[in-house]
Each structure stands twice: as structure tokens, then as C-alpha cells.
Amino acid sequence: MKASHKWLRDLVPALPDDPAIIAKAFTNGGLEVEGVHCFGAASAHCIVVRVEGFAPHPTRSGLRLVTVFDGAGTRVIVCGAPNVPEPGGLVVLAPLGVELPAVSLTIAPRAIGGVSSEGMLCSEKELGLSDESEGILVFAPDFAVPGTVLAAAQPCFHDWIYELSVTPNRPDALGHVGLARELCALLAIPFSLAILSRPGSESHVREAHAADANGAIALRIEATERCEAYAYALLEGAVNGPSPRALRLRLQALGSRSISKLVDATNEALLLFGHPVHAFDRDKLAGNSLTVRVALPGETLAGLDGVDRTLSADDLVIADSKGVAALAGVIGGSLSSVDAGTSRVVLEVAVFDARSVRRTGRRYALHTDASHRFERGIDPSDTNEVRVWCMHRMGELTGAKVVGVGSEGAWLLPRRSVTLRHERLELVTGGPVPWAESQQILERLGFECSANIPPTGAETASATYQIPAHRPDCSREEDLIEEVMRVRGFDAIPAELPAIRPAAEVDGRERFFRRLREAAVGASLYEACCYALTSPEKLSAAKAPPAIVVLQNPLHSERSVLRTSLLPALLDNLAMARRKGERDARLFTVGRVFLQGSGDLPAEPMCFCAVLSGGVSAWLTKGDNVTVWDAIGLAESVIDRTTGHRVTVQARVHDVFHPRASGDLVIGEVVVGRFGQLHPLVADAFDVGRETLILELDGEALCALPALHEAILPLPRFPANYRDVALVVPSAVAAGTLVTAIREAAGTLAKGVELFDRYTGTPIPEGHASLAFRVVYRADERSLTDAEVDERHGSVLKVIHERFGVAQRA
Amino acid sequence: MSDATPEVAPGFTGFQGAIEAIALGFPARFEGAASEAALREEKAKLLGKKGDLTFALKAMGALPPAERKAAGEQVNGLKGAIEAAFEGRLRAIAGEALARELSGPAYDLTLPPRVASPRGHKHPIGIVRDEIVDIFRSLGFAVHDGPEVEREDYNFTKLGFPPDHPATDMQDSFWTTSGHLLRTHTSNVQVRAMLGKVPPFAFVAPGTVYRRDNEDATHLPQFNQLEAFLVDRRVSFSHLRGVLAEFAERLYGPGTTIRLRPSYFPFVEPGAEVDVRCVFCKGSGCSTCKGTGFIEILGCGMIHPVVFENCGIDPQAWTGFALGMGLERIALLRYGIEDIRLLVENDPRFLSQFR
Ligand SMILES: [Zn+2]
């Protein structure tokens, strides 16, 4: 909403003439001022001058040398405008040094064709007063004394415009009357709209009523639930044409294009009262009736915007005896619109249902100044006031006379009343609020106090207020409290930290998932933040379960379902990094996936997914590429750091993984995740490297693991003995099997078996590997002798040899 | 000197001669040993099983008994002298070795450091989220979550949105084929907490929300919010101000001031928008704050009595406040990120910049 500083002060002359004060008051009161712009900034620096004479330019055809008198002396101006008036006429001069922001120009001394110009004669466009203009501004000789600053000669040339962000609960702030009332309440200035009342207006309406006895127009509201009231006035004898400059510039300043006197009068009424009005050309309406009804099947309307629309049976329309003349509260029809030749006018002031207007506006993607206001709910009580003002204004501008008025429905509705308790006011505020001050504030806003009950014994003081019709947002005690608080200012309220009783323990999950993310970061991973919106194709390419949550109205097909796996988004990120030349990436994300739930809503379990690609870090040597053992190591490290549990690996083929490098992660009986090298075809589908490793963890399963016993084990009291064994085995023999076999053979004295070296190549035969294990022998209650350890180790070797047919390597 | 050894022969003269030869010879032999190993070798030649002194001791048996005692003392004395000289030379050799080691060329400290496991990085949204959650946890709020696929009732109706509110439109919110919607804010957690728990309670609810905005430099259809709310007896607006002031100082540093402007959200009354004094220009006005000296960071207000009523809580007995903020906005401002899409691209070169 744009608001004019000058117009507000026209309505309430007592308002301060300082845009900074007004803007601050608006913002602090809840109508945020997003900007204050100067309209006609250059008008404050340009002066009205009198043309004394002119001569052709010595060298340039099309240019003239204009001699002007600026009140003190004469100057010669080089000018190309065709409309320089005869001597005695007045024009506007931008003297040297003046800035014209509208055309990004600063007037500097400059020779044009060898003649130096002492300034520039300006058009409205150059002064920033209109978007286009033909020729320079010209005034009659009696307009002002030469030398007068333009802004002082006539106020319409200069204004301050507030850009207000009006919240949807404040329809009253969508007109200058409501804004003036709000400012008066905020600045404690008495408010009266006496300035708007026209002497004799009421009798004017009465006379018109009498004239209307002839039944100028038969009015009928069929859709009564969508139109509370409809009032019209019929005017005759209008001479339409361009609006006077003051009106034209006021509309321009507020972003509304001037069209003609009759149309401009309706726009002025809208900007003044926030109540949209519409004008029909009476001679273009068929028959003598107007009906407010819903559209009939197949009805169409050629809109004022030049678009033909076939209407819906849900659209509220104004119809004449032939068909639809306007979409109620949204847009008029071009066939019934006023034009330059209009002399008979039907002025419409109505109250249309907000939801009905909103649905129609949405249906045709139409957002007009009128629909914007109807959608938020207009004040019905000013219906007659707006009609009187607007018909008067049309008369003033065009000479039209009112020949008939009529109305249906009721616009003066009974007011609701609400009781405010002093105690409640202070409780919600959290500090003392003088009772009398609250009453003054509410009355300034238009709330009338109908009963004020002083405190008695245990009862707090209370007061009952009538809610004004322009505040449809207020209906209960809290609404009154809010009004008092915002007008007093939030800064008047002291700040106090509440004493919060510790809540029941509900954030164990927060701690767990924080640990999980921090463990991943500790394991050199980069945290990613991924879209949960994906496509069925992506899920299928990543071999994820089909989506459960499907959108009715996706923005596009690539984000049409919620993910069932975190993998596709990470692979997309990886592919993007790869296209940018980044081949090393270690990303993880923790988030929800959306699966079939037990009720009507989906289950939203937390998952972890990591993708590894590229090299592993090594010092001063080219590191290896990541392998499946990096994924397992990552799993072990992350799970250990998060839960303290040790995870075991079980080979299992998953579709999404390379069948040779795919497995589950198990703790006890619970599968807590899976890992693998990405299947080459999946890698190709996502355009990522084939050596991409994946780790997926089930966040819920990990979070639900029992806590580990926390007591520590006693330290060993006796030293350990170590024996190594290197075995040459066929590659098909899994190292883990040997570890288990060695541990079993070594019995309870073996406290650990560790594979510490694996070697293939000469002199190891093809298809074989040399595996070196270290066995740790220790007894809990005594020192072992070398002989004892040798004997036990010898029997281990014998068992391994018998079971696997392999010998210890020399 | 070792050439002298074969001359030592059994007999009285032989014993004395051998002792004297040893006594005269060992200092030079030790001095000539350049390494610890050479030194120990020399010592073994003197004192070992086949060493010179051992050989001399054997010759002592040939002496008349009366002379043996003196000879024994003589041998012991010599042995002690040898041991002492050995220790001295050993220390000297160690000293020389250390001096050599210390005076060698300096290591090349410009080689890259050897890091056991290079650091990972949190996502900027994760950093901001954790920091803000921790501020509220330290103030007594516990973390609570709620579903991202939500009933219209919990996302809108119970929060007091009128049935035809623009936010409920197909235009602005994502609806699922089963008639639910992707939550448009984290305020659904308020409803979930109020329906499931008896006040008093104080919760903080970070989470992902969805709005039907096309992706561009300032919009994502999916982003993150954080909501905090307190319900108790006699919670007032001044408590809200207290929490906001504390929050602003902890997030933006001591002395950060805030400004509250009345505003409107359907589920609070009174409602306010909160600006913090611009952290870049300290209030004097800059491009980030568009010259106003303030930056808007969150919306808040007293929980609307209608919300309490819709959730079965008596608004006369309980009051509360709620506040909510967008985490992306806070992260963009903090890190000077000009395109919000960087947050979901997860380019490693972008992520590696966050500490
Ligand atoms: Zn700033």
C-alpha cells in the first residue's frame, strides 16, 4: 500500500509535516514502512520562469534560444521543445546544478552548438511527475510569480510516498482515511473527518431518492450470502475528459494511472476509503435492471484488461438484462465501461464476500486493487458515505448531476462488544499498564467504551467496548489487549527472563543424532543438506523403495515425491561436484525418509547416508582410491563413536551395490545398516565414478540400541607374549575365517588375533595371498613361560595346517 | 698396543709386566674408540673372559702367597680405573653423537603436515541450527519434533488459520495425494505438544518445512525453521522479550540490541517481528540492512487463545509465547552467502569453508 504524506495531512492537518516521524509511528504501530520515496524530488529545486522571447539557434535547426525571466534577471536557455509558449507564458526551469533523478541527469553548464545554456526547461517526465509527457510544462501567466519554486507554487508537484507493508488483518489500513485514523491514535492527535463531509450531501441523496421513484434501475441481490449490500447512484450530464493536474499527479504518485475524470474519481475513492467502487456507462447497460448473482453456465465476460473469460458457476457477477457486466469486486467489463464520451454513469458501492472474491481472483489469476481490498474484508458501514463522496466528486469533476439512487441489503450492522479486564491486560503485558491510558488508546482507535466498572474487592477493573466496523479483526479480549500494547509500544514493556521448569526428558534423540553427525564430521565427512523432494525415477535408479508420499501439486516432475532413501540426492551432489572437476568427495547427510506408516500419516524414520569417492589421504604419496574397507571402517568408527557398540559385517548382496562388495552391518541380532560399492550400472545412471562407496545406517535402530555397561575392565596384571604366524592361503579363504580358527585353536590363553599384513605377488603363487597374524597370549593369574607359549602356538599351527592345508610361510 | 699382549708371559715378571702394559695402554685404546661399539670392544679385550686383565689374573696364581694380596689390590685398582675411563669415554662418545645430531641440517618444515584423519565439516545450516538449539536448551527448552507430512488440521486449522486463508491454497502449499500436506512451518509442533502434554512445557523445534516457491537465488521449496514456545501459568510478553534479548546476545554477541515491531501471524496475539541491530554496520546503515540499521530475524508473539482452545488447554489458566525463525536467512547473513541454492548443491569446495 502506497500512502501520500500530503493527502494524510490534507485529511488531518494536525499531523506533523515530517515524513521521518510519520514513518516511525507507522512502523512502531505495526504498519511497517518499507520505504519512503520522494515524488517530484526535483520540484523542490526547479523554479517557475516567464518566457520573455525566443530566437532560432544560430547553428542547430530544431533548437531555440529562449530568454526567460526568473524573478531576478533573465537567462538564455537552449530548448528543443515544440511547445514553448508565447512571451508572458510560464514554464519550469531546472537551474544549473539541479539534479533530475527521473532522467538521471544533473544540469551542468554546457555549450550546445556553441551557445551555452543556463539551465533546462523541463517536462513532467523530466521532473519525475509522470511516465511520459509531450513537451515542457506550461502554465498560464497567473499561475505563480516568476522565481517561485515549483513545489511551492502548487502542492501537487511534490510529495512523500510511504511504502507500507499492511498485514492481512488490517483492511482498514488500505485507505487514507484508515491510515489517518491509525496515525492519530499512534500520535495522540484528535481525529475527525469533518473535512470529508459535504454541506448538503444528505439532502442531495434524499432528493435523488425522490427522483428514483421513477424506478431508474431495478436492483436485485440474488446471491445474498455473497453480497451484504449494494448501493448505486445514477448520474447524468457528465462531461468526461482528462483529470485536472492535481488529481492526475496524486494518482500517479500512488502508482495508479490516470485515465479519465470518472474513472479517476472511483480510484480516488478507493485510495481514500479503502472501499472499492465501480462506474458503469449507463448507456452501455442493457435494460433497466442490475442483478447480483452467480454466473450462469457458459456466460462470458470481456474484461477491462482485454481478456475474454468463460465464467464459472462459482463467480459472483453484476448482470444487466442481457448478461454479465462485471465480475463482482474483481474487474469490470469492457462493454459497460465508461469512456471519453460517457455522460450517464452508474456508480456502484457494494459489500462483496471476501472468500467469493478471492476464489474468483485466484481462478483467473487476477489481483486488482479492488479484489485486494475485498479479499481482506472491507468496512460495510461506510457504504453510503463513500457513495455520497464519490458522486459529489464526479459532479465536481464532470458537472454530472445525481438523478437516482438505490440500494439493497444492510450496511449498518449491530456492533459487537468485548470486555477488557485490567488484570488480564497486565498479565499478558507482564507489567503495569495504567487503566486510564488503555481507555484513551482504545477510544482513539474508534472503540467506544459502553461500561467501565471500577475494581471492587477481589474483582479487577473492567470495561466493555463496542468494536468499530472498520476493525473486523477484533472480536475478543486479546484483540483489545494487543491494541493497547502496540499503541503503547513494545519498547514500553520490560524484559524479564522466565523461570522455566526443566521439561520432561524428550531430547534424547537430539543428543543421539547430534552425536551421529559429529562422529561423521570427526571421520572426515562433509555434512550435506539435501532435498527431501525427489522423483520416482531417481528413487528407482537408486534401487530405493517406491515413494509413499506423492504430491498432488508438485512444482515439477523432478520434485514430485518425498524420498524413501537419502542416496539419490547425495549421488546427484556427487555428480554435480564431479562435473565441476571435484573427484574427491566424502559427503554425508542425516535426515528423514518417508515410508508406509501405521496410521494415515507416513512413518518418518531418521537415516544416515554417506558417499565416498576419490582418494584416501596419504602423506607425500598418491593415496589409494577408496575401497569397500573404507566404508566398513567408516561404519565401525561412526557407530563406535555414536553408540560405543562394535558392529559386525555380514556379506549380503543388495541391488544397489556391486555384488562382490556388498554387506550388512549387524549389532547383536539387529541389522543397523548396510554398505557397499555402488553397482556400476547405478553409478553410470547417476553419472558418478564407479569407485563410489556407500554407507547407509538406520538411525532409529541405532538410537534404540541399549546403553552399554559402563563399568571398566580391570587392567591385566601379567605381561603378554606375542607370536606371529604367516600363512600362504588361496585367495578364496576369507581372512576372517582364519582369525576365528586361530582364536578357537589358541583357546582362552589367546587374548587377541590380529591380521597385520597381507601380501600378494612374487614369490607367492598366483591366486594365493600371504597373511600374517599376530596372536597375543596372556594368562589372567600368572606369567606364561616361553616354553608354554611355544607349545600352545605350535598346536595352533598344527590345527590350522590340518584344517586348511596351509603351512606357515618360511 | 695390542701388539704388546703376546709378550705377556706367565711368571712374576710376566704378571707385573702385563699389569703395567695394560695400565699404560688402556687410556689410549679407549680414546681411539670412535663409537660406542668400538669402545665396548676395547673394554671386552681388557676385561672380557679372554681379556688382557683376565689373562694377567691367571698369572697371579704363580706369585708367592705373600705377594698375592698386594697383587690382588693392584688388579682391582686397575680394573676400577678401566671401568671409570670406560664410563667417561662412553659419556664423551654419547655427547659427541648428540652434538652431531643437534648440529645437523634443520628438517624441511614446509612439507605438508601429516594428518591422521583430515577434518570434516558441518553444513552451515547444521552449524546455525545446533548453535541456536543449544542456546534454547541452555535456557530450559527441550527439543521436540513433529512430522513433515502433516494433517491440515494441525498445520492450519488448530493454529487459527481461517479455512480460506491463502496459505492453505494449492498455490502456496504442497498437498499429498492422500490429502495431507507438507508442513509449511514448524508451528505444527506447538499443536502436537499441546495435544500430547499437560503444561507447563518449554520446547524448541527445529525442522524442515516446505512452501510452493520455485527455486531461485532467494527461495527454495524446502527450507529449515526453528520454533520455540513456552506455556505456563502467567507467561507474559515481558518474558518473551526477556528470552529474545538473551537469544540475540548469545547468537550475535554481547550488547546486541533488538527491536520489536507489531505484526500479524494468525496463531499469536499480539504478534511481533524482531529486528536485531545490524551486525555489519552496528546500526549506522549498510547495504545488508538496506540502510535501516536493523535486520529482521524472526517472528513471535503470545500464543493466541484460539490455539489453546483448539488444543484443549484453558487460555484463562495458561498463557504462552512462541517464536520462529528461518535458519537459511540467518546462515546467509552470517556467512555472506548470496545465492541460497548453494545450500543444497553441497559442493565440497563450499562445504569445506565451514568450521
Ligand atoms: Zn547494516
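The rules we used
Residues numbered from 1 in each chain as written. Chains lettered and ligands numbered in written order. Predicted model: local features only at pLDDT ≥ 70, side-chain atom pairs only at ≥ 80, totals over all residues. Heavy atoms only, no water. Helix = DSSP H or I, 4+ residues; strand = E, 2+ residues; numbered from the N terminus. Rg over C-alpha atoms; globule rule 2.2 N^0.38 Å. Buried < 20%, exposed > 50% of the residue type's maximum accessible area, 1.4 Å probe, protein only. Contact = heavy atoms within 4.5 Å. Areas by Shrake-Rupley, 256 points an atom, 1.4 Å probe, with all protein chains shown as cover. Buried area = accessible area lost by both parts, 1.4 Å probe. Salt bridge = Lys/Arg side-chain N within 4 Å of Asp/Glu carboxyl O. Polar contact = N/O pair within 3.5 Å; in protein donor to acceptor, adjacent residues only side chain to side chain. Nonpolar A, V, L, I, M, F, W, Y, C, P; charged D, E, K, R; others polar. Pairing = 2+ DSSP bridges. Axes fitted to C-alpha atoms, helices over the stretch in contact; angles between N-to-C directions. Core = buried A, V, L, I, M, F, W, Y, C linked by side-chain atoms within 4.5 Å. Donors = N, O, S within 2.8 Å, 3.2 Å for Na, K, Ca; no water. Tetrahedral: all angles 85-135°; square planar, octahedral: opposite > 155°, others 65-115°. Phe/Tyr/Trp six-rings, centres within 6.5 Å; stacked < 30°, edge-to-face > 60°. Domains from an automatic or database assignment. Parallel < 35°, antiparallel > 145°, perpendicular 65-115°, else oblique. pLDDT = per-residue confidence, 0-100.

When helices and strands are counted, chain B shows 12 helices and nine strands. The C-alpha radius of gyration computed for chain B amounts to 44 Å, which surpasses the reference 20 Å derived for 355 residues by more than 25%, pointing to a less compact arrangement than a globule. With respect to the principal axes defined by its C-alpha atoms, chain B has extents near 130 × 45 × 45 Å. For chain B, with 355 residues in total, the buried portion stands at 51%.

Before going further, it helps to spend a moment on the overall build of chain A. Secondary structure assignment for chain A yields 21 helices and 39 strands. Here chain A has a C-alpha radius of gyration of 42 Å; the compact-globule value for 810 residues is 28 Å, and the former is much larger. Over its C-alpha atoms, taken along the principal directions, chain A stretches across nearly 130 × 90 × 60 Å. A buried classification covers 52% of the 810 residues belonging to chain A. Of the contacts made within chain A by residues no fewer than 6 positions apart, 68% connect residues no fewer than 24 positions apart. For chain A, the exposed area adds up to about 36,200 Å²; of that, 52% sits on carbon and sulfur atoms.

For interface size, the figure often reported is the accessible area lost on association. Taken together, the contact pairs 83 residues of chain A with 100 residues of chain B. Both sides together, the interface formed by chain A and chain B hides about 8,100 Å², and carbon and sulfur atoms give 55% of it. Counting across the interface, chain A meets chain B through 13 salt bridges. Here Glu345 of chain B ties to Lys580 of chain A by a salt bridge, and the two come within 3.4 Å at their closest N and O atoms. Linking chain A to chain B there are 43 residue pairs in polar contact (both at pLDDT 80 or more). Those elements that provide at least two residues to the side of chain A that touches chain B are α2 (19-29), α8 (354-363), α11 (422-429), α13 (477-488), α14 (508-522), β28 (526-527), α16 (567-579) and β31 (585-592) of chain A. A per-element tally of the side of chain A that touches chain B places α14 of chain A first, with eight residues. Per-class residue counts for the side of chain A that touches chain B are 39 nonpolar, 14 polar and 30 charged.

Moving on, we get to the sheet that holds strand β13 (residues 159-165) of chain A. Residue and element names in this part refer to chain A. Taken together, the three strands give an open sheet; going across it, the order is β1-β13-β2, and neighbouring strands pair in antiparallel fashion. Only two strands of the sheet have a single neighbouring strand rather than two, namely β1 (2-4) and β2 (32-39). In this sheet, neighbouring strand axes are inclined to one another by 25° on average, regardless of whether the strands run parallel or antiparallel. Here β1 pairs with β13 via three bridges, running antiparallel.

If you look at the biggest cluster of nonpolar residues, it comprises 105 residues, and the most contacted ones within it are Leu571 of chain A together with Ile132, Phe136, Phe141 and Leu323 of chain B. Setting aside chain neighbours within four positions, we find Leu571 of chain A in contact with Val611, Leu678, Val682, Phe686, Val688, Thr692 and Ile694 of chain A.

Residues and elements named next belong to chain B. The strand order across the open sheet formed by seven strands is β1-β4-β5-β9-β8-β7-β6, and the pairing between neighbours is mixed. One side of each edge strand has no neighbouring strand; the edge strands of this open sheet are β1 (142-143) and β6 (258-263). As paired strands, β6 and strand β7 (residues 268-277) are joined by six bridges and run antiparallel to one another. Residue pairing across strands places Pro262 opposite Ala272, the latter belonging to β7. Strands β6, β7, β8 (294-303) and β9 (319-326) of the sheet are contacted by helix α8 (residues 237-252), whose axis makes an angle of about 150° with β8.

Attention now moves to the pattern of salt bridges. Scanning the entire structure with this criterion turns up 80 salt bridges over all chains. In this structure, Arg674 of chain A and Glu696 of chain A form a salt bridge, with 2.6 Å as the shortest nitrogen-oxygen distance. Of the two residues, Arg674 of chain A is situated in strand β35 (residues 670-678) and Glu696 of chain A in strand β36 (residues 692-698); the sequence distance between them amounts to 22 residues. For Arg674 of chain A, a relative accessible area of 23% corresponds to the partly exposed category. Overall, the relative accessible area of 12% leaves Glu696 of chain A in the buried class. For Glu96 of chain B, the salt bridge is made with Arg89 of chain B, and the minimal N-O distance between the two is 3.4 Å.

All names here are of chain A. Inspection of the secondary structure puts Arg723 in strand β37 (residues 721-730). A polar side-chain atom of Arg723 sits 2.9 Å from a polar atom in the side chain of Asp790. With sequence-adjacent residues up to four places away left out, Arg723 is seen in contact with Phe773, Arg774, Val775, Tyr777, Asp786, Val789, Asp790 and His793.

What follows is about the coordination of the zinc ion. The textbook angles at a metal center are 109.5 degrees for a tetrahedron of four donors and 90 or 180 degrees for an octahedron of six. All names here are of chain B. Summarising the metal site, the zinc ion is bound by the protein donors Cys278 (SG), Cys281 (SG), Cys286 (SG) and Cys289 (SG), whose distances to it range over 2.2 to 2.3 Å. Seen from the zinc ion, its four donor atoms lie at angles of 102 to 115°, and the figure they make is tetrahedral. Between the donor residues of the zinc ion, the gaps in sequence give the motif C-x2-C-x4-C-x2-C. Linking Cys278 in the loop between β7 and β8 with Cys289 in the loop between β7 and β8, this pair joins segments that are 11 residues apart in sequence. Assessed through its relative accessible area of 1%, Cys278 is described here as buried.

In this section: the packing of aromatic side chains. On inspection of all chains with the given rule, the structure shows 21 aromatic pairs over all chains. Ring centres of Phe139 of chain A and Phe157 of chain A lie 5.8 Å apart, and the angle between their planes is 80°; on these two criteria the pair is classed as edge-to-face. One end of the pair, Phe139 of chain A, is in strand β12 (residues 138-139); the other, Phe157 of chain A, is in the loop between α3 (150-153) and β13, and 18 residues separate them in sequence. Here Phe139 of chain A falls in the buried class, since its relative accessible area comes to 5%. Judged by centre distance (5.0 Å) and plane angle (65°), the ring pair of Phe156 of chain B and Phe161 of chain B falls under edge-to-face. On the basis of relative accessible area, Phe161 of chain B is assigned to the buried category, the value being 10%. Among the aromatic residues, ring-to-ring pairing joins Phe156, Phe161, Phe265 and Phe267 of chain B into one connected group.

Let us now look at the environment of Ala328 of chain A. Along the chain, Ala328 of chain A falls in the loop between β21 (324-327) and β22 (331-332). On a C-alpha basis, the gap between Ala328 of chain A and Thr360 of chain A in space is 9.0 Å, while along the polypeptide they are 32 residues apart.

For the rest of this paragraph, the subject is the pairing of strand β5 (residues 74-79) of chain A. All names here are of chain A. Inspection of the sheet shows strand β4 (residues 64-69) paired to β5 by six bridges, in the antiparallel sense. Residue pairing in the sheet places Phe69 in a bridge with Thr74 of β5. From the end of β4 to the start of β5, which pair antiparallel, there are four residues, and Gly71 there has a positive phi angle of about 100°.

Our next topic: the environment of Asn721 of chain A. Residue and element names in this part refer to chain A. If you trace the backbone, Asn721 turns up in strand β37. On the basis of relative accessible area, Asn721 is assigned to the buried category, the value being 12%. Considering only alpha carbons, one finds Asn721 and Phe594, 127 residues apart in sequence, at a separation of 54 Å. Beyond its immediate sequence surroundings of up to four residues, Asn721 is in contact with Val775, Val776, Tyr777, Leu784, Asp786 and Val789. There is a polar contact of 3.4 Å between the side chain of Asn721 and the side chain of Asp786.

What follows deals with the domain arrangement of chain B. In terms of domains, chain B is made up of domain 1 (15-103) and domain 2 (124-354). Between domain 1 of chain B and domain 2 of chain B, the C-alpha centre-to-centre distance is 88 Å.

Residues and elements named next belong to chain B. Running from N to C, helix α3 (residues 52-60) and helix α4 (residues 65-102) point in directions that differ by 175°, and their axes come no closer than 11 Å. Classed by the angle they form, the pair α3 and α4 counts as roughly antiparallel. Of the residues in α4, those in contact with Leu53, Leu57 and Met60 of α3 are Arg68, Ala71, Gly72, Val75, Leu78 and Lys79. Residue classes in the contact of α3 with α4 are distributed as six nonpolar, one polar and two charged.

As a further point, take the pairing of strand β20 (residues 316-319) of chain A. Residues and elements named next belong to chain A. Of the two faces of β20, the one holding Leu316 and Ile318 and the one holding Val317 and Ala319 are both buried throughout. Note that strand β17 (residues 289-294) and β20 share four bridges and pair antiparallel. Across the sheet, residue Val292 finds its bridge partner in β20, namely Ile318. As paired elements, β20 and β21 share three bridges and run antiparallel to each other. Paired with Ala319 across the bridge in β21 is Val324. Hairpin remark: β20 followed by β21, antiparallel, with four residues in the connecting loop.

Residues shown with low pLDDT carry predicted positions that ought not to be read at fine detail. All names here are of chain B. The predicted model of chain B has a mean per-residue pLDDT of 89, with 96% of residues at 70 or higher. Mean pLDDT values over the elements of chain B span from 79, in α3, up to 98, in strand β2 (residues 149-150). A low-confidence stretch, residues 1-12 (pLDDT under 50), is modelled with 10 contacts involving residues beyond four sequence positions or located in other chains. Reported confidences for the modelled complex are a pTM of 0.86 and an ipTM of 0.88.

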